[in-house]
Amino acid sequence: MKPVIEIKGISKKYDISHLRKTNYRTVREDLSALLRRPTSLVSGKVRKKEEFWALRDVSFDVNQGDIVGIIGRNGSGKSTLLKILSRIVDPTRGEAILHGKTASLLEVGTGFHAELTGRENVYFNGSILGMKRSEINAKFNDIVEFAGVEKFLDTPVKFYSSGMYVRLAFAVAAHLDPEILIVDEVLAVGDAEFQKKSLGKMSSVARDGRTVLFVSHSMPTVQKLCNKGVHLVDGQVAKIGTMKQAVDSYINSHLKTRPLFDLPLPPRPKELAGYATSVAIFDSQNHPASSIVFGQDFTIKIAFKINRPLENFVIAAGFKNSMDVAVRTIWSKGRPIQPGSYTAGFRFNDVMLETGLYNIELGLSEKEMPFDNSEGQAFFNIEPSATHDPRILKLSGSGIVLNTEDVMIERS
Amino acid sequence: MDQLETIIKPRSKTTIDFKEVWAYRELFFFFTWRDIKVRYKQSVLGAGWAIIQPFATMVVFTLFFNKVAGIKSGAVPYAIFSYTGLLFWNYFSSALNQVSNSLVGNQGVITKIYFPRIIIPISATLLGLVDFFFAAIVFAVLTIYYHITPGLEGLLLVLPMLLLSLITALGVGTFFASLNVKYRDVRAIIPFIIQLGLFLTPVIYPVSSIPHKYQWILSLNPLSSVINTMRAGLLHQGSVNWADLGISVISATVFLAIGIWYFKRTERQFADII
């Protein structure tokens, strides 16, 4: 079967100038640079341009009816790839061929104007997304019903609640009828119920034999939704295969675990009540460790600084598994604390975690108001034990917590 | 399956794909329609501004340039003389302003959805036509007030002259719009250019106040010919100077070509930079 999407050697280069926060320039800047140039030529200094390859030689095919999840860390090129396939930016090299009517949703509500009414925005947004006027007319009632904003159709959307706004915007997008749908993480908007509705709509699109390309950070979502996966690392394809294979590749490459993680300094650290500086992991013998043997105790130590006296200070630590499920959180008891440097040790001696990678989360609060937190900065691994524990049959796949408990077995 | 095929590859073309623009014509009209809706929703007086603004300017011009400074407009009353100039100059300057800011103003759409980008500046030229229409009604009232019967030649030339103004605004504006994407201080230069342009165009003064042998130079500015032609055709002030008009048509075409050329040259970077 001929693929619906053929991606052949797509590369994208960006030029980034040093020490520049914005991409655009001013005439004044460039003119003064020009005036300085004669001298800078003599001294051999030329304004440096740094090249950045957001994508490098990316090739893969997508067949009709596939739902492809594209995953990778921030900056791995996922969004650039979607932008190229949506024709918003041009590739530097290579080409892609899309067979069929394509719609891309990189944002919910593109072109929505606050001054226009719900009705007017449906027409403009639909048109921007590639619908014909006759098509919008035909689907108008369905769109309004899906969004549940019948009563406010002739109200400018600036008076809408954010929920209504997002529902209306998504409703328009959900009624597109493309053969190929390219979706960025637009599902990350709205409340849980709305997200569920959007996900349902996406999987029904795929059941109709349409092809979906979906970029997401959420491993549970892509695993639920997608049958094919592409894992990008630094703009290159690291893995193409089933979604499961791609997710495994993502988890394995995600971060090398190590015993000590220095946390990035928060912006304006002096103004905070305090902040965490590092996370360290220790095994049952109190040795620094990056990997803990299944069933063994371990300790997470968090170093933190306190800038001013606090009355009811609480520090919390916990971890999420590779599917982003929060497994465990421990809070310290509230206590007053004086400025200074401290270490908090969280000992985990009562859970037997399934093997795999875990992500440490932590938070600092005063009077139940959090003032610093961190997630995705520190990791540890639970590895299988060398000696087999006869009580545990499977070290992964039967649950996150694998504690053995007394089970009453009685003859009846 | 529909055999629609999209090929994405590095762009090298420097011409406009008219077939594609035609395929997106509905979006083009929606852009214009949205801008008109928003424009008139955001003002209390709505269309009132379109009438008050040129009328008040005319009154001020008449008081200061005609009565105080003593600029003469020949046999034609200065008020309607300057209003004819303002009618077209206001359309041109507002269109130029709209077009110049159109790409940056629509960056939210440009970075999220694909469509032929040229739609945006072209659609921006149409917004001012609504104001032009209302201002033209005032002109009609003024002709009655001053007992002037516009010539047939003049009436037939109104639309071509409007088109010539539109093309000039589109050409110059598209150039600035593309430049504006890269250099954000261009936005501050445009009002200055418009202000300067008002004096380089015979809006306030008659072209006859310039030595005859230099008048053709003024025609390099298409708006100059637009206004002279309209004064000749509608107010019977002299006769239409077809040679100068020809120069202006060529000059407007050159402006448009430069604008589109620069636009196409920088188009592929828009989404990268914005």
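**Student:** Please set out the overall build of chain A residue by residue, giving values where relevant.
**Tutor:** For chain A, the helix and strand inventory stands at eight helices and 19 strands. Residue burial in chain A is summarised as follows: out of 412 residues, 35% are buried. Considering only contacts in chain A between residues 6 or more positions apart, those separated by 24 or more positions represent 70%.

**Student:** Outline the overall build of chain B, supporting the account with residue identities and numerical values.
**Tutor:** Across its full length, chain B carries 12 helices and one strand. Across chain B, helices and strands are ordered from the amino to the carboxyl terminus as β-α-α-α-α-α-α-α-α-α-α-α-α. The C-alpha radius of gyration computed for chain B amounts to 20 Å, which stays within 12% of the reference 19 Å derived for 274 residues, consistent with globular compactness. Oriented by its inertia axes, the alpha-carbon framework of chain B measures out at about 70 × 45 × 35 Å. By the burial criterion, 41% of the 274 residues in chain B qualify as buried. Counting only contacts in chain B whose residues sit at least 6 apart along the sequence, the fraction spanning at least 24 positions is 82%.

**Student:** Please provide a residue-by-residue account of the confidence of the model for chain A, values included.
**Tutor:** Residues and elements named next belong to chain A. Counting all residues, the mean pLDDT for chain A is 82, and 87% of those residues have values of 70 or more. Ranking the elements of chain A by mean pLDDT puts helix α1 (residues 27–42) last with 62 and strand β16 (residues 335–337) first with 94. Confidence drops under a pLDDT of 50 for residues 40–47, and excluding neighbours within four residues, the segment shows three contacts in the predicted structure.

**Student:** A description of the confidence of the model for chain B should follow, citing residues and the corresponding values.
**Tutor:** The pLDDT averaged across chain B works out to 88; a share of 95% of its residues lies at or above 70. Mean pLDDT values for the elements of chain B range from 73 in helix α12 (residues 270–273) of chain B up to 94 in helix α7 (residues 152–182) of chain B.

**Student:** If you had to explain the pairing of strand β14 (residues 310–321) of chain A to someone new, which residues and values would you point to?
**Tutor:** Residue and element names in this part refer to chain A. Where β14 meets β16, two bridges bridge the pair, whose relative direction is antiparallel. The residue of β16 that forms the bridge with Phe313 is Arg335. In this structure, β14 lies alongside strand β18 (residues 356–366), joined through nine bridges in antiparallel fashion. Looking at β18, one finds that Phe313 is bridged to Glu366. In this sheet, strand β15 (residues 326–331) lies alongside β14 in antiparallel orientation, the contact comprising five bridges. Across the sheet, residue Ala316 finds its bridge partner in β15, namely Trp331. Between β14 and β15, which follow one another and run antiparallel, lie four residues, and Asp324 among them has a positive phi close to 70 degrees.

**Student:** Could you give an account of the sheet that holds strand β8 (residues 228–233) of chain A, with specific residues and numbers?
**Tutor:** All names here are of chain A. Sheet architecture is open: six strands sit in the order β5-β6-β7-β3-β8-β9, paired in mixed fashion. Every interior strand has two partners, whereas the edge strands, β5 (102–105) and β9 (236–242), have only one. Recorded for the sheet is a direction-independent mean angle of 15 degrees between the axes of neighbouring strands. Pairing of strand β6 (residues 180–183) with strand β7 (residues 211–215), which is carried by four bridges, proceeds in the parallel orientation. Residue pairing in the sheet places Leu181 in a bridge with Val212 of β7. Of the strands in this sheet, β3 (67–71), β6, β7 and β8 touch helix α2 (residues 78–85), which is tilted by about 145 degrees from β7.

**Student:** How would you sum up the domain arrangement of chain A? Please name residues and give values.
**Tutor:** All names here are of chain A. Annotation of chain A at the domain level lists domain 1 (5–254) and domain 2 (260–383). Opposite the five residues of domain 1 that make contact, domain 2 presents four residues. Put simply, the parts of the chain that give the side of domain 1 that touches domain 2 at least two residues each are α7 (219–225) and α8 (243–254). A breakdown of the residues in the side of domain 1 that touches domain 2 according to their chemical character gives three nonpolar, two polar and no charged.

**Student:** A description of the interface of chain B and chain A should follow, citing residues and the corresponding values.
**Tutor:** Of the residues lining the interface, 34 residues belong to chain B; the matching set on chain A comes to 41 residues. Listed by contribution, the elements that provide at least two residues to the side of chain B that touches chain A are β1 (5–8), α2 (25–41), α5 (107–110), α7 and α12 of chain B. No other element matches α2(B), which puts seven residues into the side of chain B that touches chain A. Among the residues forming the side of chain B that touches chain A, the class breakdown is 16 nonpolar, four polar and 14 charged. Note: strand β4 (residues 93–99) of chain A against β1(B), four bridges, orientation antiparallel. From the neighbouring strand, A:His99 faces β1(B), where its bridge partner is B:Glu5.

**Student:** Describe the sheet that holds strand β10 (residues 260–262) of chain A, listing the residues and the values that go with them.
**Tutor:** In sheet architecture, strand pairing relies on hydrogen bonds along the backbone and comes in two forms, parallel and antiparallel. Residues and elements named next belong to chain A. Strand order in the open sheet formed by four strands is β10-β11-β13-β17, and the pairing between neighbours is antiparallel. Looking at which strands have only one partner, the edges of the open sheet turn out to be β10 and β17 (340–348). Neighbour-to-neighbour, the strand axes of the sheet open up by a mean angle of 20 degrees, direction not taken into account. Bridge count between β10 and strand β11 (residues 274–282): three bridges; the pairing is antiparallel. Looking at β11, one finds that Phe261 is bridged to Val279.

**Student:** Quick one: what's the story with the packing of helix α4 (residues 78–105) of chain B against helix α10 (residues 222–235) of chain B, residue by residue and with numbers?
**Tutor:** All names here are of chain B. Where α4 meets α10, the axes come as close as 10 Å, and the angle between the chain directions of the two elements is 140 degrees. Taken as axis vectors, α4 and α10 run oblique relative to one another. The two elements α4 and α10 meet at a crossing, and its hand is right-handed. On α10, the residues that touch Ile80, Phe81, Thr84, Gly85, Phe88, Trp89 and Phe92 of α4 are Leu223, Val226, Ile227, Met230, Arg231, Leu234 and Leu235.

**Student:** So what's going on with the nonpolar core? Which residues, and what values?
**Tutor:** Residues A:Val68, A:Ile70, A:Ala169, A:Leu213, A:Phe214 and B:Phe88 are the most contacted members of the largest nonpolar core, which totals 128 residues. Among the elements that line this core, the one with the most residues is α4(B), at 14 residues. Among all residues touching A:Ala169, those that are not within four sequence positions of it are A:Val108, A:Gly109, A:Phe112 and A:Asn125.

**Student:** Before we move on, can you summarise α10(B) with the specific residues and values?
**Tutor:** All names here are of chain B. Relative to the 20 Å expected for 14 residues at 1.5 Å per residue, α10 spans 19 Å between its end C-alpha atoms, a close match to the ideal helical length. Summarising burial for α10: 14 of the 14 residues are buried, a large majority. Looking one or two residues beyond α10, the residue adopting positive phi is His236, at roughly 60 degrees.

**Student:** Tell me about helix α4 (residues 133–147) of chain A, residues and numbers included.
**Tutor:** Since the α-helix turns once every 3.6 residues, residues separated by three or four places project in the same direction. Residue and element names in this part refer to chain A. The axis of α4 is deflected most strongly, by about 55 degrees, at Lys139. Where the residues of α4 are buried, they touch α3 (118–128) and α5 (162–174). Just downstream of α4, Gly148 is the residue with a positive phi angle, here 65 degrees.

**Student:** Can you lay out the packing of α7(B) against helix α8 (residues 186–200) of chain B for me, pointing to particular residues and giving the numbers?
**Tutor:** In helix packing, the relevant descriptors are the interaxial angle and the interaxial distance, both defined with respect to the helix axes. Residue and element names in this part refer to chain B. Viewed as axis vectors pointing N to C, α7 and α8 meet at an angle of 150 degrees, and their least axial separation amounts to 9 Å. It follows that α7 is roughly antiparallel to α8 by the angle criterion. In this structure, α7 uses Phe176, Leu179 and Asn180 to contact α8, whose residues at the interface are Val186, Arg187 and Ile190. Residues of the contact of α7 with α8, tallied by class, amount to four nonpolar, one polar and one charged.

**Student:** Any chance you could break down unusual backbone geometry for me, citing the residues and the numbers?
**Tutor:** Residues and elements named next belong to chain A. Despite not being glycine, Arg87 shows a phi value in the positive range, around 70 degrees. Looking at where Arg87 falls in the secondary structure, it is placed in the loop between α2 and β4. The exposure class of Arg87 is partly exposed, given the 19 C-beta atoms found within 10 Å.

What counts and what doesn't
- Residues numbered from 1 in each chain as written.
- Chains lettered and ligands numbered in written order.
- Predicted model: local features only at pLDDT ≥ 70, side-chain atom pairs only at ≥ 80, totals over all residues.
- Helix = DSSP H or I, 4+ residues; strand = E, 2+ residues; numbered from the N terminus.
- Buried ≥ 20, exposed ≤ 12 C-beta atoms within 10 Å, placed from the backbone.
- Contact = placed C-beta atoms within 7 Å.
- Rg over C-alpha atoms; globule rule 2.2 N^0.38 Å.
- pLDDT = per-residue confidence, 0-100.
- Pairing = 2+ DSSP bridges.
- Axes fitted to C-alpha atoms, helices over the stretch in contact; angles between N-to-C directions.
- Domains from an automatic or database assignment.
- Nonpolar A, V, L, I, M, F, W, Y, C, P; charged D, E, K, R; others polar.
- Parallel < 35°, antiparallel > 145°, perpendicular 65-115°, else oblique.
- Left-handed = near helix turned anticlockwise from the far one by under 90°.
- Core = buried A, V, L, I, M, F, W, Y, C linked by C-beta atoms within 7 Å.
- Expected span 1.5 Å × (residues − 1).
- Bend = angle between axes of the 7 residues up to and from the residue.

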